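# Chain and residue survey
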Amino acid sequence: MQRLQDRVTVITGAGSGIGLATARRFAEEGARVVCVDLDEETGRAAAAEVGGLFVRADVTDEDDVARVFATAFDTYGSVDVAFNNAGISPPDDDSILETGIDAWRRVQEVNLTSVYLCCKHVIPYMRRQGKGSIVNTASFVAVMGSATSQISYTASKGGVLAMSRELGVQFAREGIRVNALCPGPVNTPLLRELFAKDPERAQRRLVHVPLGRFAEASEIAAAVAFLASDDASFITGSEFLVDGGISGA
Ligand code: NAI
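What this report covers is the structure whose coordinates are included nearby. Every value quoted in this text rests on a predicted model; they were computed, and no experiment measured them.

Take the packing of helix α3 (residues 62-76) against helix α4 (residues 101-129) next. Closest axis-to-axis distance for the α3/α4 pair is 9 Å, and the angle between their directions is 30 degrees. Relative to α4, the element α3 is oriented roughly parallel. Note on packing geometry: the crossing formed by α3 with α4 is right-handed. Across the interface between the two elements, Glu 62, Val 65, Ala 66, Phe 69, Ala 70 and Phe 73 from α3 touch Leu 117, Cys 118, Lys 120, His 121, Val 122 and Tyr 125 from α4. Split into classes, the residues belonging to the contact of α3 with α4 amount to 9 nonpolar, 1 polar and 2 charged.

Written out as structure tokens, the structure reads:
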């Protein structure tokens, strides 16, 4: 019997980066994985690779999100884990003086409103089951200033952290655990895209990582698997930092 045996797990942003690595890890640990992504090609490929189900959805669209969890439940009979992870990087110049209102709103929609929608639509299933684990992807920037002028991105991740704490406390006695995962910089397409625009930024960032490197997505996936599993049965409402020591420095 594996740690996540038969746990029905919905992963948003499963087509790439952290979501993809997590889909692989959960499949290895015996879970039934529902891969959700806006990108049909990568999402479908991820689901095929892990022997799971693909649901194409835009996590900013409430009807899409409702359909995701209904499909998971109708297919497998429960929804045990939700990894609400899809997100986008900040606009090119995300300083408070430059970020336009449309870019600001878009980042809040994809990074924060999506998490609100996913929690809103998965909690009713988990309540009926009397158990469930939700992991929402925030970031280390939610807990500390990073001096990188990512105002819309940082605010969205702060919102994810606060909402996760609140829900963790609110639903603890119903057997639903909710945690905010706070990764440091992770070697994924999102980060590579950011650094391609400003190569020096990678070096500036690296200086602040005590472990001296960026994380691999599989290292973040290992933390998600732990938080989702019964090994984390006393952990809820937490800011779970997987940041190579950045916040401790
Ligand atoms: P990624 O860009 O590799 O993957 C994100 C996935 O989300 C893509 O497959 C994309 O198609 C999907 N997606 C984007 N918008 C969507 C939408 N509206 N509906 C459905 N799917 C959508 O990014 P990565 O690095 O794996 O990031 C995942 C999460 O981790 C994000 O929330 C990001 O903010 C967060 N994060 C990433 C860090 C990093 O250094 N890479 C550090 C801390 C947090």
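Once you've had a look at it, read on.
This next bit is on the side chain of Ser 229. Position of Ser 229 relative to the elements: it lies in the loop between α8 (217-228) and β7 (239-242). Judged by its relative accessible area of 0%, Ser 229 falls in the buried class.

Glancing now at the layout of surface pockets. One water molecule sets the probe size; rolling that probe over the atoms shows where empty space is left. Computed from the structure, the largest pocket encloses a volume of approximately 960 Å³. Sorting the residues of the lining of the largest pocket by element identifies α1 (17-28), β2 (32-37), α4, α5 (151-171), α6 (189-197) and α7 (199-206) as the ones contributing at least two each. Per-element accounting of the lining of the largest pocket gives the leading share, 6 residues, to α6. What the second largest pocket holds in volume is close to 180 Å³. Contributing to the lining of the second largest pocket are Arg 7, Asp 80, Val 81, Lys 131, Gly 132, Ser 133, Gly 175, Arg 177, Ala 228, Asp 230 and Ser 233. When grouped by side-chain class, the residues that make up the lining of the second largest pocket number 2 nonpolar, 4 polar and 5 charged.

Residues Val 10, Phe 69, Val 122, Ile 123 and Ile 134 are the most contacted members of the largest nonpolar core, which totals 32 residues. Listed by contribution, the elements that provide at least two residues to this core are β1 (8-12), β2, α3, α4, α5 and β6 (176-183). Residue contributions to this core peak at 8 residues, all from α4. Beyond its immediate sequence surroundings of up to four residues, Phe 69 is in contact with Val 10, Val 79, Ala 82, Asn 84, Cys 118, His 121, Val 122 and Tyr 125.

Let us now look at the site of the ligand. Around the ligand sit 27 residues, and of these Ser 16, Asp 37, Tyr 153, Val 186 and Thr 188 come closest. Between Ala 57 and the ligand, the recorded distance is 3.5 Å, taken from a backbone N or O atom to a nitrogen atom. Within the side chain of Lys 157, one N or O atom sits 2.9 Å away from an oxygen atom of the ligand. Protein chains shield 92% of the accessible area of the ligand, which is 830 Å² for the free molecule. The cavity where the ligand resides is the largest pocket. Mapped onto the shell around the ligand, the elements with two or more residues apiece are α1, α5 and α6. Counting residues per element, the shell around the ligand draws most heavily on α6, at 3 residues. In the shell around the ligand, the residues fall into 14 nonpolar, 10 polar and 3 charged.

Attention now moves to the sheet that holds strand β5 (residues 132-137). The sheet built from 7 strands is open, its strands ordered β3-β2-β1-β4-β5-β6-β7 with parallel pairing. Two strands close off the open sheet at either side, each with one partner strand: β3 (53-56) and β7. Going from strand to strand, the sheet's axes swing by 20 degrees on average, the running direction of each strand aside. By the bridge criterion, 6 bridges tie β5 to β6 in an arrangement that is parallel. Paired with Val 135 across the two strands is Asn 179, which belongs to β6. Packing of α5 onto the sheet brings it into contact with β5, β6 and β7, and relative to β6 it is tilted by some 155 degrees. Where α8 meets the sheet, its contacts fall on β4 (81-84), β5, β6 and β7, and the angle it forms with β6 comes to roughly 165 degrees.

Rules and cut-offs
Residues numbered from 1 in each chain as written. Predicted model: local features only at pLDDT ≥ 70, side-chain atom pairs only at ≥ 80, totals over all residues. Heavy atoms only, no water. Axes fitted to C-alpha atoms, helices over the stretch in contact; angles between N-to-C directions. Helix = DSSP H or I, 4+ residues; strand = E, 2+ residues; numbered from the N terminus. Parallel < 35°, antiparallel > 145°, perpendicular 65-115°, else oblique. Left-handed = near helix turned anticlockwise from the far one by under 90°. Contact = heavy atoms within 4.5 Å. Nonpolar A, V, L, I, M, F, W, Y, C, P; charged D, E, K, R; others polar. Buried < 20%, exposed > 50% of the residue type's maximum accessible area, 1.4 Å probe, protein only. 1 Å grid on protein atoms, 1.4 Å probe; cavity = no way out; pocket = protein on both sides within 12 Å on 5 of 7 lines; lining within 4 Å. Points joined across faces, edges and corners; volume = space filled by probe spheres on them. Core = buried A, V, L, I, M, F, W, Y, C linked by side-chain atoms within 4.5 Å. Near = heavy atom within 4 Å. Polar contact = N/O pair within 3.5 Å; in protein donor to acceptor, adjacent residues only side chain to side chain. Areas by Shrake-Rupley, 256 points an atom, 1.4 Å probe, with all protein chains shown as cover. Sits in = over half its atoms within 2 Å of the grid points. Pairing = 2+ DSSP bridges.

Limitation: the analysis is restricted to geometry and does not speak to function.
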